[in-house]
Amino acid sequence: MLPAIERSKKLPVVLSFREVKQLLKAPKLLKHRLVLALLYGCGLRCFELCNLQLKDLDFDRMMLHVRQGKGRKDRYVPLSRMQIRGLKTYLAAENPCTWCFTGNNTEGRPVPLSTQGVRWIVREARKHSGIQKEVTTHSLRHSYATHLLEMGLDIMSVKDLLGHADIQTTLTYLHVAQLGRQKPFSPLDRLYKE
């Protein structure tokens, strides 16, 4: 039997609440702001956002149906009132027919937004936001999970929202989230009290 390959112990890049707000307001186009808001606000993977169809939006129940995520699993994630307001405005203006977000096609037919298109939106938003951290589509998913834990959501609920098959994958976020009886601090803060 072959020995197991040691997995990297790298912790994910997580944005602060302030950085998320900066990133979300950076794009001029509503479509681009919504792409960022869904990646962060629903914890979507890049390909899940690209595959998002109009039939997956349930505004009455304030839910988003993620179809055939990683491992070909479906799941529901909550939509915020802000996302719903933005989506309704966007859908009324753009009037897409199948996919929520469409990309460019040489034949003029609507096609789903590509993963490269989503990555470009994230890169441009980071550039215009002034954030120095490396920000990827997955950084927004990492930030979603970490922020939910910091806001008091239990680890099993976060696992389900992310669509993880194994709790071990979700446990990574416990190393990043600032949880516990007392928030960690630098001893310099106590040494030089005002």
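Residues numbered from 1 in each chain as written. Predicted model: local features only at pLDDT ≥ 70, side-chain atom pairs only at ≥ 80, totals over all residues. Heavy atoms only, no water.

Looking at an unreviewed UniProt entry, one finds the protein chain named Tyrosine recombinase XerD and attributed to Arenibacter algicola. Under Sequence similarities (unreviewed entry), UniProt gives the following word-for-word description of the protein chain: "Belongs to the 'phage' integrase family." (UniProt positions renumbered as here; feature names shortened; annotations may be inferred.)

J.: I'm lost on the side chain of His-32 in this one. Help?
T.: Structurally, His-32 is set in helix H2 (residues 30-41). Judged by its relative accessible area of 16%, His-32 is buried. Non-local contacts of His-32, meaning those with residues more than four positions away in its chain, are made with Pro-27, Trp-120 and Ile-121. (Helix = DSSP H or I, 4+ residues; strand = E, 2+ residues; numbered from the N terminus. Buried < 20%, exposed > 50% of the residue type's maximum accessible area, 1.4 Å probe, protein only. Contact = heavy atoms within 4.5 Å.)

J.: Would you explain the side chain of Ser-139 in this entry?
T.: Of note, Ser-139 is situated in helix H6 (residues 137-150). Take Ser-139: its relative accessible area is 3%, and that puts it in the buried class. Once residues lying within four places of it in the same chain are set aside, the contact partners of Ser-139 are Val-13 and Glu-134.

J.: Hey, could you run me through the packing of aromatic side chains in this one?
T.: Given two aromatic rings, one states the distance between the centres and the angle between the planes to describe the pair. If you walk through the whole model with that rule in mind, you get one aromatic pair. Look at Tyr-90 and Phe-101: their rings are 5.3 Å apart centre to centre, the planes differ by 35 degrees, and that puts the pair in the tilted class. With Tyr-90 in helix H4 (residues 81-94) and Phe-101 in the loop between H4 and strand E4 (102-103), the pair connects residues that are eleven residues apart, well separated along the chain. In this structure, Arg-61 is placed above the aromatic ring of Tyr-76, and the distance from its NZ or CZ to the ring centre is 5.3 Å. (Phe/Tyr/Trp six-rings, centres within 6.5 Å; stacked < 30°, edge-to-face > 60°. Lys NZ or Arg CZ within 6 Å of the ring centre and 35° of its normal.)

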